[in-house]
Each structure stands twice: as C-alpha cells, then as structure tokens.
Amino acid sequence: MHFEPKTTLGRAINEIEETLIAVILGLMTMITFANVVARYVFNANILWALETTVFLFAWLVLIGASYCVKARAHLGVDVVLNMVQPGLRRLLAFIAVGACLVFSVLLMIGAWNYWAPFAALPMLDGTLKDQAWYEVNDIPMLDFLRFIEGPMNQGEAYEKLPRFIPYAALPIGLFLLTFRFLQAAWRVITGEIDSIISGHEAEDLVEEAAAKADKEG
C-alpha cells in the first residue's frame, strides 16, 4: 500500500528521500560508467571513483532503509499475524514497531557519537574530540567547499574531502529511519495499518515460479 504523507514535514522528508535516492543512483551510474570507459578505452583510472561510489552506496542504503519503512517494502514473516484476530494483530504490530524504534534510536545515538568528532561537535555525553582535520583517502577537496576550511580546519587547506561530509550519511540516514518508525507507530495507533510490513512477497514469488514451471512443463 502506498503511503502519502499528510503533514508538511512528512512531505518534505518524502521529497528529500526520493530526490536523494534518484540523485545518488544517477551519480553512481555515471561515475562507474566513466571509470569503466577510462580503464578499457584510455587505459587510465579515475582514482577517486571507487571510494566515491562506496560512500554513495552507504548513503543509498541508509536513506533507502528509511524509505522502505515508509513504503512498507521491508520483507517480513507474517504467518503469526495472519493467524490472530485484528485486535491482537495491531498489538503485535505495535510491539514490533516499538522494538524497531528502540533499535533505530540506539543506532542514531551511536551514529551521532561516531560522526560528531569528525565534525568538531560534542558527543551526546558532552565529550568534544576535534577530528575535523581527518580526510578521506582519494576524493579531492571540492573548490566550492573551501569556505569550511576556516571554521573546520583552523584555516588549513584540505587536500582531500574531509570525512565529516561523507560520514554524515550515518546521523542523517538513522534520523530518517527513526522518523519513519515514528510515523509507522502513529499509523498503528490510529488504526490506519495493522502491520509494518508487506508480507506476501515470498508467496508471490512462489506462485510466479510455479506458474512458470507449469507453463514450461
């Protein structure tokens, strides 16, 4: 079932997720294609291509995870849910989304504490470790980001991209995931849904395989 956000914040986050996913997929495709052409046509190599696609893939996975919660695209087992009455099914759904929410909050806390030192920000316990001078291995510093060298690196020039930029996928992605689980919890409470998964993917695949086998037989 497709879920359309009803609040301004929900619509804004929905647009951000969909736009980022599309942009990241496009960038990964173009960079990989360009690197393949460089290798096999010009016998050269784009040194920063692999690291860039790895970071982009991390962003894609984390943002995609939250989007899949919204779209109810995560796989799940619904055998027990289908055996119980609707009231109990909603209770089980609430327990499930509550467990997911606790897990995502713990991940978000850990993500912030890991990322904060690279951005020269305090961790949640108040500890401040300034590691903003850490750079990635291969991706060169982009000229339009040079303005951050003053506040982030005491005016020293970055040769490579500072790590806090690609590593921001962690707090951003897990914030979005937590937000989506909060949305799912509210939808369970209001009775809009009685499950946070779409649980018939496996059955559809089995039926499709069986139909194909019958046709070929």
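Residues numbered from 1 in each chain as written. Predicted model: local features only at pLDDT ≥ 70, side-chain atom pairs only at ≥ 80, totals over all residues. Heavy atoms only, no water.

### Observations concerning the overall build of the protein chain
1) Next: Secondary structure assignment for the protein chain yields six helices and two strands.
2) Next: Going from N to C terminus, the protein chain has its helices and strands arranged as α-α-α-β-α-β-α-α.
3) Next: When the 217 residues of the protein chain are sorted by exposure, 36% land in the buried category.
4) Next: Of the contacts made within the protein chain by residues no fewer than 6 positions apart, 65% connect residues no fewer than 24 positions apart.
5) Next: Accessible surface for the protein chain amounts to roughly 13400 Å². Of this, 69% is attributable to carbon and sulfur atoms. (Helix = DSSP H or I, 4+ residues; strand = E, 2+ residues; numbered from the N terminus. Buried < 20%, exposed > 50% of the residue type's maximum accessible area, 1.4 Å probe, protein only. Contact = heavy atoms within 4.5 Å. Areas by Shrake-Rupley, 256 points an atom, 1.4 Å probe, with all protein chains shown as cover.)

### Some remarks on the environment of Leu-170
1) Next: Inspection of the secondary structure assignment puts Leu-170 in helix H5 (residues 169-189).
2) Next: By relative accessible area, Leu-170 is classed as partly exposed at 29%.

### What to know about the side chain of Thr-178
1) Next: With respect to the helices and strands, Thr-178 occurs in helix H5.
2) Next: You can call Thr-178 buried: its relative accessible area is 8%.
3) Next: Look past the residues within four positions of Thr-178 in its chain and what remains in contact with it is Leu-101, Ser-104, Val-105 and Met-108.

### What to know about helix H2 (residues 49-71)
1) Next: Counted at 1.5 Å a residue, the expected span for H2 with its 23 residues is 33 Å, and the 31 Å between its end C-alpha atoms agrees.
2) Next: Trailing H2 by a residue or two, Arg-72 shows a phi angle of about 55 degrees, which is positive. (Expected span 1.5 Å × (residues − 1).)

### Observations regarding the pattern of salt bridges
1) Next: Within this structure, the stated rule accounts for three salt bridges.
2) Next: A salt bridge links Arg-146 to Asp-143; the shortest N-O distance between them is 3.6 Å.
3) Next: The class of Arg-146 is partly exposed, set by a relative accessible area of 29%.
4) Next: Salt bridges here are not isolated pairs; linked through shared partners, they connect Asp-143, Arg-146 and Glu-149. (Salt bridge = Lys/Arg side-chain N within 4 Å of Asp/Glu carboxyl O.)

### Describing empty space enclosed by the protein
1) Next: Tallied over the full model, the rule gives one cavity of 30 Å³ or more.
2) Next: As a volume, the largest cavity reaches approximately 40 Å³.
3) Next: Contributing to the lining of the largest cavity are ten residues, with Val-69, Lys-70, Arg-180, Ala-184 and Arg-187 lying nearest its centre.
4) Next: A per-element tally of the lining of the largest cavity places H5 first, with four residues.
5) Next: Here the residues of the lining of the largest cavity sort into five nonpolar, one polar and four charged. (1 Å grid on protein atoms, 1.4 Å probe; cavity = no way out; pocket = protein on both sides within 12 Å on 5 of 7 lines; lining within 4 Å. Points joined across faces, edges and corners; volume = space filled by probe spheres on them. Nonpolar A, V, L, I, M, F, W, Y, C, P; charged D, E, K, R; others polar.)

### Here we look at the layout of surface pockets
1) Next: Considering only enclosed or pocket space, the largest pocket measures out at about 480 Å³ in volume.
2) Next: Forming the boundary of the largest pocket are 18 residues, of which Thr-52, Leu-56, Leu-142, Leu-161 and Ile-165 lie nearest the centre.
3) Next: When residues of the lining of the largest pocket are traced back to their parent elements, those giving at least two are helix H1 (8-40), H2 and strand E1 (135-140).
4) Next: The leading source of residues in the lining of the largest pocket is H1, at five residues.
5) Next: Classifying every residue of the lining of the largest pocket by side-chain character gives 17 nonpolar, one polar and no charged.

### What to know about the packing of aromatic side chains
1) Next: All chains considered together, the criterion is met by seven aromatic pairs.
2) Next: The interplanar angle of 70 degrees and the centroid separation of 5.6 Å between the aromatic rings of Phe-118 and Tyr-134 together place this pair among those described as edge-to-face. Here Tyr-134 lies in the loop between helix H3 (86-115) and E1 and Phe-118 lies in the loop between H3 and E1, a separation of 16 residues in the sequence.
3) Next: Phe-118 gets classed as buried once you look at its relative accessible area, which sits at 6%.
4) Next: A relative accessible area of 27% places Tyr-134 in the partly exposed class. (Phe/Tyr/Trp six-rings, centres within 6.5 Å; stacked < 30°, edge-to-face > 60°.)

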